[in-house]
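Here is how the chains run, residue by residue.
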Amino acid sequence: MSVVTCQNVSKQFGSNSVLKDLNVTIQENSITGLIGRNGAGKTTLLQMLAGMLAPTSGNIRVFEENPIDNLKVSANTIFVDDDLVFSPEMKLYEILSSAEMFYDNWDSEFANRLIRYFGFQTGVFHDNLSKGKASTFNAILGLAARTPLTIFDEPTTGMDYSVRQDFYRALLKDYMNHPRTIIISSHLLNELESILEDIMIIKDGTCIVHEPMEDFKTYAIALSGDYEKIEKVVNESRIIHRRFISSNHAYVVVKELSGSEQDCLKQLGVTQTSVEPAELSMYLTNETKGGIDDVFKQS
Ligand SMILES: Nc1ncnc2c1ncn2[C@@H]1O[C@H](COP(=O)(O)OP(=O)(O)OP(=O)(O)O)[C@@H](O)[C@H]1O
């Protein structure tokens, strides 16, 4: 069953067209990584799914309903970011009690174990937490709420390396015991990669990749060798990334190669290797095929 459906969804802020004609479906009980560069529209999309923003046009369905002002959607969805706003008078234990009252699947025992593990004193105000501690506390809310739709918008901002690793591990372990639909956004795939079932990449307002992580691992292939020879087999439109190692030796990442193209490149002495998903997601979201190197090119 699909939990989220977006049909021809567009979002405009004034003249800024952030999302354009987006069509995506997210199935029940899956972990999807939403990847995109700064300003790609990740938060905008996630806020629309949580019913916090309306699309300019198109149709969004969450649990088969319009998420705006929808009690069913808000009771079954949690939206976690590093920016959750609580009343300044609320102490952590009060926030935990409110969450327990609001979310049907809330697990107090689990929340308390996480609170102890991460060393929180629950008598403090949320407002007084450091940035990393606030992100960690918010992430605990997201985990313990166990809502059928759990949205984490760049949840690890400010967390130190070991807390980030702990969070991803806790998320995966809890998901295995209590499957639900989880969407987690990030600029970077490397830390997230191992917990994802599906990957969605947005660029220039559209979804350029949405597929199982397993398929994404073979989405592209890297070629290394004489650029003139590579060009003979692969045309420009299929090149995702290109970097010159020397004047005629290049490292080129291309999407899909047929068996005959692979044979031909082999005969021409061009080396073929796999591309790590994190590296590939970076190339796919770069503005230009050469990345930052293009800035240093003489015109
Ligand atoms: N309320 C708003 N009013 C006007 N423009 C907005 C608003 N919210 C977002 N935008 C614009 O929409 C674009 C997408 O922003 P969004 O926050 O969705 O991107 P993002 O992918 O989450 O970025 P980041 O990774 O930097 O957080 C940006 O150009 C941003 O300036």
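Small disclaimer: the values here were computed from a predicted structure and weren't measured.

Cut-offs and rules
Residues numbered from 1 in each chain as written. Predicted model: local features only at pLDDT ≥ 70, side-chain atom pairs only at ≥ 80, totals over all residues. Heavy atoms only, no water. UniProt positions renumbered as here; feature names shortened; annotations may be inferred. Helix = DSSP H or I, 4+ residues; strand = E, 2+ residues; numbered from the N terminus. Domains from an automatic or database assignment. Contact = heavy atoms within 4.5 Å. Buried area = accessible area lost by both parts, 1.4 Å probe. Salt bridge = Lys/Arg side-chain N within 4 Å of Asp/Glu carboxyl O. Polar contact = N/O pair within 3.5 Å; in protein donor to acceptor, adjacent residues only side chain to side chain. Nonpolar A, V, L, I, M, F, W, Y, C, P; charged D, E, K, R; others polar. Axes fitted to C-alpha atoms, helices over the stretch in contact; angles between N-to-C directions. Parallel < 35°, antiparallel > 145°, perpendicular 65-115°, else oblique.

Draft legend 1. Main features of the UniProt feature "domain: ABC transporter" (unreviewed entry) in the protein chain. As annotated by UniProt and renumbered to match this structure, "domain: ABC transporter" (unreviewed entry) occupies residues 4–229. Helix and strand shares over residues 4–229 are 33% and 30% respectively, and the end C-alpha atoms of the span are 45 Å apart.

Draft legend 2. The arrangement of the domain arrangement of the protein chain in detail. Looking at the protein chain, the domain boundaries give domain 1 (2–216) and domain 2 (219–289). Placing a centre on the C-alpha atoms of domain 1 and another on those of domain 2 gives a separation of 35 Å. Between domain 1 and domain 2, the contact holds 16 residues from the first and 10 residues from the second. Three residues stand out in domain 1 for area buried against domain 2, namely Arg37, Lys203 and Phe216, and they jointly supply 48% of the buried area on that side. At the boundary of domain 1 and domain 2, one finds zero salt bridges. The tally of links from domain 1 across to domain 2 stands at four residue pairs in polar contact (both at pLDDT 80 or more). Broken down by secondary-structure element, the contributors of at least two residues to the side of domain 1 that touches domain 2 are strand E8 (198–203), strand E9 (206–212) and helix H7 (213–216). Partitioning the side of domain 1 that touches domain 2 into residue classes produces eight nonpolar, two polar and six charged.

Draft legend 3. Spatial organisation of the side chain of glutamate 154. Checked against the element boundaries, glutamate 154 lands in the loop between strand E6 (149–153) and helix H6 (161–177). In contact with glutamate 154, not counting residues within four places along its chain, are Lys42, Ser185, Ser186 and His187.

Draft legend 4. Region of interest: the packing of helix H5 (residues 131–145) against H6. Between H5 and H6, the least distance of the axes is 11 Å, while the angle of their chain directions is 5°. The orientation of H5 relative to H6 falls into the category roughly parallel. Contact with H5, carried on its side by Thr136, Ala139 and Leu143, involves Val163, Phe167, Ala170, Leu171 and Asp174 of H6 and no other residues of that element. When the residues that make up the contact of H5 with H6 are grouped by side-chain class, the tally is six nonpolar, one polar and one charged.

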